[in-house]
Amino acid sequence: VNSIAALQSCLAAEHAALYGYGALGGVLAGVSGGEPDLARARSSYAAHRELREDLTARISGAGALPVAAAAAYDLPFAVRDGRSCRRLARLLEQRAASVYGLAVAATVEEIRAFTAAALRGCALREVAWGADVEPFPAIPEL
Amino acid sequence: LVVDAIASEEALGNFGARAAKTHRQLATLLRPVQARGEAHAELLRAALVNVEPSRVRLTTRVPRAEQATRTKLVALISNAEQRRLADCLASESGSLARVFASMSASHAAAGTLMRETSAGPSQ
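Residues numbered from 1 in each chain as written. Chains lettered and ligands numbered in written order. Predicted model: local features only at pLDDT ≥ 70, side-chain atom pairs only at ≥ 80, totals over all residues. Heavy atoms only, no water.

Participant: Teacher, can you tell me more about the nonpolar core here?
Facilitator: If you look at soluble globular proteins, the nonpolar side chains tend to sit buried side by side. Core analysis: the biggest nonpolar cluster contains 35 residues, and Tyr 100 of chain A together with Leu 44 and Phe 100 of chain B have the highest contact counts within it. Elements with a contribution of two residues or more to this core: helix 1 (3-28), helix 2 (35-61), helix 3 (82-106) and helix 4 (109-128) of chain A together with helix 1 (2-22), helix 2 (27-47) and helix 4 (94-119) of chain B. Here this core gets 7 residues from one element, more than from any other, and that element is helix 4 of chain B. Here Phe 100 of chain B is in contact with Leu 1, Val 2, Ala 5, Leu 44, Arg 84, Asp 87, Cys 88 and Ser 91 of chain B, once residues within four sequence places are set aside. Among the nonpolar cores identified, the runner-up in size contains 15 residues, and Phe 15, Val 33, Val 62 and Ala 80 of chain B belong to it. (Core = buried A, V, L, I, M, F, W, Y, C linked by side-chain atoms within 4.5 Å. Buried < 20%, exposed > 50% of the residue type's maximum accessible area, 1.4 Å probe, protein only. Helix = DSSP H or I, 4+ residues; strand = E, 2+ residues; numbered from the N terminus. Contact = heavy atoms within 4.5 Å.)

Here it is in structure tokens:
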């Protein structure tokens with residue numbers, strides 16, 4: 001896997017994460033007492049949007065065409081309330097972290113530092129959404 | 001790189017174990033630190049091929065005061081986070097870099113949670 005392919009995978013994961021946050025944000029906006037979760041969803045969305053822009057610029061800068069977002073994504077389960085929204089958010093962060101973990105392995109130097117920082121951000125957000133601190137975030141096989 | 005990382009993770013795990021004995025009321029905070037340090041060290045030991053892990057054990061004194069122990073713990077975790085990130089960036093092996101990045105992120109999450117807990121109204 002070359003570094004551009006790895007970054008393309010990260011960008012695809014960011015498109016999916018943004019879609020997911022858009023979906024759960026819409027639900028949280030209608031949940032009574034859901035303001036803290038909605039604020040967290042907004043900051044998480046902003047973090048992923050920033051990563052998406054960074055990845056797009058990196059890929060374009062290398063002369064490649066950034067992978068486009070799909071028109072829609074299947075959510076793994078229905079999000080109807082605060083609890084299912086938090087569960088989805090944890091899953092989105094977990095999946096994005098896993099992709100960044102693979103990108104860390106496939107890259108070197110500055111791009112590795114960028115992907116490692118992105119992995120860290122996903123792990124922090126996953127815990128902020130209520131996940132336990134795992135000894136090996138982003139490595140699902142461990 | 002790996003040998004030093006094992007010693008560092010073992011030291012963190014050992015601190016968690018010894019501090020939990022000294023400050024039993026912090027056990028729920030310290031046992032996961034011990035477990036993570038041990039899990040990290042175990043995985044890294046398995047990655048060593050034809051190299052003996054160091055027999056030198058790094059130890060950090062456990063403060064007698066509870067708050068000082070919390071402060072020390074946060075500092076140790078922050079140090080481990082930075083060192084595993086440096087190991088990630090220095091690693092020639094991509095798979096090892098991934099493991100180090102994961103460990104660093106795990107320490108980052110633990111440290112953040114610990115700082116938030118310490119700053120909480122219940123403390």
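Having put the structure on the table, let's press on.
Participant: Help me understand the interface of chain A and chain B, please; the structure alone is not making it clear to me.
Facilitator: Accessible area lost on assembly of the parts is the figure often given for the size of an interface. Taken together, the contact between chain A and chain B spans 23 residues of the former and 25 residues of the latter. Between chain A and chain B, roughly 1800 Å² of surface is buried when both sides are summed, and carbon and sulfur atoms account for 70% of that area. The largest share of the area that chain A buries against chain B comes from Arg 112, Val 133 and Phe 136 of chain A, three residues that together contribute 29% of it. Seen at the junction of chain A and chain B, the total is 2 salt bridges. Across the pair Glu 141 of chain A and Arg 98 of chain B runs a salt bridge, and its minimum N-O distance is 2.9 Å. For the side of chain A that touches chain B, the secondary-structure elements that each account for two or more residues are helix 3 and helix 4 of chain A. (Buried area = accessible area lost by both parts, 1.4 Å probe. Salt bridge = Lys/Arg side-chain N within 4 Å of Asp/Glu carboxyl O.)

Participant: How do you make sense of the pattern of salt bridges when you look at a structure like this?
Facilitator: Note that side chains of opposite charge can pair when their charged atoms are close. Residues and elements named next belong to chain A. On inspection of all chains with the given rule, the structure shows 11 salt bridges over all chains. Here Arg 86 makes a salt bridge to Asp 37, at a shortest N to O gap of 2.5 Å. Of the two residues, Arg 86 is situated in helix 3 and Asp 37 in helix 2; the sequence distance between them amounts to 49 residues. Residue classification places Arg 86 among the partly exposed positions, given a relative accessible area of 29%. By relative accessible area, Asp 37 is classed as buried at 9%. Within this structure, Asp 37, Arg 40 and Arg 86 form a network of salt bridges that share partners.

Participant: What exactly am I supposed to notice about the packing of helix 1 of chain A against helix 2 of chain A here?
Facilitator: When two helices pack together, their arrangement is given by the angle between their axes and by how far apart the axes lie. Residue and element names in this part refer to chain A. At a minimum axis separation of 9 Å, helix 1 and helix 2 run at an interaxial angle of 155°. Classified by the interaxial angle, the pair formed by helix 1 and helix 2 is roughly antiparallel. Note on packing geometry: the crossing formed by helix 1 with helix 2 is left-handed. (Axes fitted to C-alpha atoms, helices over the stretch in contact; angles between N-to-C directions. Parallel < 35°, antiparallel > 145°, perpendicular 65-115°, else oblique. Left-handed = near helix turned anticlockwise from the far one by under 90°.)

Participant: Just to check I follow, could you spell out the environment of Arg 83 of chain A for this structure?
Facilitator: Residue and element names in this part refer to chain A. Among the secondary structure elements, Arg 83 is positioned in helix 3. For Arg 83, a relative accessible area of 68% corresponds to the exposed category. Separated by 36 residues in sequence, Arg 83 and Leu 119 place their C-alpha atoms 24 Å apart.

From the geometry alone we can't say anything about function, so treat these as descriptive.
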